[in-house]
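Chains, contacts and geometry: an overview
So the chains spell out like this:
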Amino acid sequence: IETEEKRRRAEEIEARLRSVAPRQASFLLPAGVDPEVVRKAALDPETALIEYAAGCETLHAYVVTTSSIHHVTLGPTEEVAREVQALLRGVSDGRALTPAAGFAKRASVLYARLLAPCLEKAGPVKRLSVVPEARLAGLPFEMLVTAAPAEGGKPTFASLAYVLDRFTVCYAPSSQVLAALSEPRRGARPERALVLADPYYGAVAEEREGSVPALAR
């Protein structure tokens, strides 16, 4: 009920802004999608949509299932962003990789902050459709650790309990796109696909090729 009231209030404010400054609003306030549309098009009883959004100072999440919709407050946006960057540096910087114990601590803290409160609202689901906010876009939610290791223990990466062990995770740029992609298309050819890629492997590519393609830059 509280979430529905907030949504109605947001719609009232959006309508007022569009009436006062329609041209600016067309850029600042792109049309959203009703949760009922998302439910019917993209969700089933075992799937939850978790869409993250940043306010002026606070990170929020909207949890949508086939039977409910919830709003969750997750804490200061910039604080969460720093935690995400610290975790990613620890697994991507070959000169300073984080040991398993340190990784587990950071990954479990982020799980407790970003996913655990949402899963409490989602109920017994098996699949997660995640729409990340910009600061979370580079975070693989599958690698978050669901339980912190015992104090003083010596965990290995293989011994940790990951989100991937419990859930199938997929991603979408927005709930609007997720709903649109889930709609049946006439004349679709699912057996064929066109895949384009332009990977950039940093210094390794430069050493092997002598230069980096313009698109990769």
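A few points on the structure. (Residues numbered from 1 in each chain as written. Predicted model: local features only at pLDDT ≥ 70, side-chain atom pairs only at ≥ 80, totals over all residues. Heavy atoms only, no water.)

Attention now moves to the pattern of salt bridges. Oppositely charged side chains can pair when the atoms bearing their charge come close. Taken as a whole and assessed by the stated rule, the structure comprises seven salt bridges. Across the pair Arg 127 and Asp 44 runs a salt bridge whose closest N-O atoms are separated by 2.9 Å. Of this pair, Arg 127 sits in strand β4 (residues 127–131) while Asp 44 is found in the loop between α3 (35–42) and β1 (47–54), placing the two residues 83 residues apart along the sequence. We classify Asp 44 as partly exposed; its relative accessible area is 27%. A salt bridge links Lys 126 to Glu 46, with the nearest nitrogen and oxygen atoms 3.6 Å apart. A residue pair is termed long-range when its members are at least 10 positions apart, and Lys 126 in the loop between α5 (100–122) and β4 and Glu 46 in the loop between α3 and β1 qualify at 80 residues. (Salt bridge = Lys/Arg side-chain N within 4 Å of Asp/Glu carboxyl O. Helix = DSSP H or I, 4+ residues; strand = E, 2+ residues; numbered from the N terminus. Buried < 20%, exposed > 50% of the residue type's maximum accessible area, 1.4 Å probe, protein only.)

Turning our eyes to something else, we now look at the packing of α3 against helix α6 (residues 175–182). Between α3 and α6, whose axes approach to 8 Å, the crossing angle comes to 40°. Considering the angle they form, α3 stands oblique to α6. Handedness of the α3/α6 crossing: left-handed. Contacts between α3 and α6 involve Val 37, Val 38, Ala 41 and Ala 42 from the former and Ser 175, Leu 178, Ala 179 and Ser 182 from the latter. The residue makeup of the contact of α3 with α6, split by class, is six nonpolar, two polar and no charged. (Axes fitted to C-alpha atoms, helices over the stretch in contact; angles between N-to-C directions. Parallel < 35°, antiparallel > 145°, perpendicular 65-115°, else oblique. Left-handed = near helix turned anticlockwise from the far one by under 90°. Contact = heavy atoms within 4.5 Å. Nonpolar A, V, L, I, M, F, W, Y, C, P; charged D, E, K, R; others polar.)

Attention shifts here to the sheet that holds β1. In spatial order, the strands read β3-β2-β1-β4-β5; together these five strands make up an open sheet with mixed pairing. Two strands close off the open sheet at either side, each with one partner strand: β3 (69–76) and β5 (168–171). Neighbouring strand axes in the sheet, compared pairwise and without regard to direction, differ in orientation by 25° on average. With six bridges joining them, β1 and strand β2 (residues 58–64) adopt antiparallel strand pairing. By the bridge assignment for β2, Leu 49 is matched with Val 64. Each of β1, β2 and β3 touches helix α4 (residues 77–92); the most contacted strand, β3, lies at about 75° to it. (Pairing = 2+ DSSP bridges.)

For the rest of this paragraph, the subject is the packing of α4 against α5. Axis separation between α4 and α5 bottoms out at 10 Å; the angle between their running directions is 145°. In terms of crossing hand, the pair formed by α4 and α5 is left-handed. Across the interface between the two elements, Glu 79, Val 80, Glu 83, Val 84, Ala 86, Leu 87 and Val 91 from α4 touch Phe 103, Arg 106, Ala 107, Val 109, Leu 110, Arg 113 and Leu 114 from α5. Each residue belonging to the contact of α4 with α5 can be placed in one class, and the counts come to ten nonpolar, no polar and four charged.

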